Amino acid sequence: MTDSQLLTTTDTSLAVIEAIQELDGATPAELAAALELSESAVYKHLYTLAKHGYVASEGDEYRLGARFYHIGMYVRNRSKVYELAGKYVIELAEQSNEESDFGIEENGRIVTLFDSVGSSAKPSSRLNNYEYMHTTAIGKAILARLPESRIDEIDDRWGLPELTEETITSRAELDAELERIRERGYAINDQESIPGKRVAGVVAEGPNGAVIGGFTVSGPAYRIEDADLHQEFPDILQRVVPNFETELVSQGLL
């Protein structure tokens, strides 16, 4: 599919939705300025989105509607594979006493479907569940399994934006990191997406070697030492995730 097949009105509506999320709510004037559109054009898109429950107004400001929650829950629960992953996220959180996530790659980004926190952890400070692959442990673990041509496609589409001072921002640095991941069998996100958060992650795969998604264990930098990041967390992941893969097969889900 090419841009010649793009529906401009749909593309603009999606841009309005994304701008509302990025601005954490906005007036039509603010959206018009952010998107370089007229207020009347923005209002038409807001009216249509509101009619179908995708946005809601609070005074002069528009926010994303609760319908997105129901759609998100449907996406997360549409697969028994993902439902089973949620069980293992809880187990990883309990074994580590920290936070655990499960995410998948979709359109070159990482979508977090499940998260859980253990007894020592607090809820994540993550602001969104749609993240750049090069900034996350799940993303880098999956990138390390992809062919060079696919990595090129993702890099060309999304680039390597800097989110923190620790974010990888050059392709040479990313390639070197992916080679380290292949050698040691796990990926890390050492404050690369969120300052103060250290994460280890591994991929989960089917019996044919196809990547299903990835699991992580994470904790705050003030408490997580290098030994936790490079030994304890990977050990837990490499002990638990194979059980998930085995149960997928035993339940006939793959």
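Residues numbered from 1 in each chain as written. Predicted model: local features only at pLDDT ≥ 70, side-chain atom pairs only at ≥ 80, totals over all residues. Heavy atoms only, no water.

For the protein, the name recorded in an unreviewed UniProt entry is Transcriptional regulator, with Natrinema pellirubrum as its organism.

Here the focus is the environment of valine 42. By the element assignment, valine 42 lies in helix H3 (residues 39–51). By relative accessible area, valine 42 is classed as buried at 0%. A sequence separation of 105 residues divides valine 42 from proline 147, and the C-alpha atoms of the two residues are 41 Å apart. Apart from residues no more than four positions distant in its own chain, valine 42 is found in contact with Pro28, Leu31, Ala32 and Leu37. (Helix = DSSP H or I, 4+ residues; strand = E, 2+ residues; numbered from the N terminus. Buried < 20%, exposed > 50% of the residue type's maximum accessible area, 1.4 Å probe, protein only. Contact = heavy atoms within 4.5 Å.)

This chain's UniProt record puts "domain: HTH iclR-type" (unreviewed entry) on residues 7–66. The span residues 7–66 shows a helical share of 62% and a strand share of 13%, and its end C-alpha atoms are spaced 25 Å apart. (UniProt positions renumbered as here; feature names shortened; annotations may be inferred.)

So, about the sheet that holds strand S3 (residues 99–106). Note: strands within a sheet are paired through backbone hydrogen bonds, in either parallel or antiparallel orientation. Strand order in the open sheet made by the six strands is S5-S4-S3-S8-S7-S6, with antiparallel pairing throughout. Lying at the two open borders of the sheet, with one neighbouring strand each, are strand S5 (130–132) and strand S6 (187–190). Strand-to-strand twist of the sheet, defined as the mean angle between neighbouring strand axes without regard to direction, takes the value 30 degrees. Pairing analysis gives four bridges linking S6 to strand S7 (residues 197–205), with the strands arranged antiparallel. Residue pairing in the sheet places aspartate 190 in a bridge with arginine 198 of S7. (Pairing = 2+ DSSP bridges. Axes fitted to C-alpha atoms, helices over the stretch in contact; angles between N-to-C directions.)

Two numbers describe how helix H1 (residues 8–23) lies on helix H2 (residues 28–35): the axes approach to 10 Å, and their chain directions differ by 110 degrees. In terms of axis orientation, H1 runs roughly perpendicular to H2. For the pair formed by H1 and H2, the contact residues are Ala15, Val16, Ala19, Ile20 and Leu23 on the first element and Leu31, Ala34 and Leu35 on the second. For the contact of H1 with H2, the residue count by class is eight nonpolar, no polar and no charged. (Parallel < 35°, antiparallel > 145°, perpendicular 65-115°, else oblique. Nonpolar A, V, L, I, M, F, W, Y, C, P; charged D, E, K, R; others polar.)

Turning next to the environment of alanine 210. Within the fold, alanine 210 resides in the loop between S7 and strand S8 (211–220). Residue alanine 210 is classed as partly exposed on the basis of its relative accessible area, which comes to 38%. Along the primary structure alanine 210 and leucine 113 are separated by 97 residues, whereas in three dimensions their C-alpha atoms are 19 Å apart. Apart from residues no more than four positions distant in its own chain, alanine 210 is found in contact with Ala204 and Glu205.

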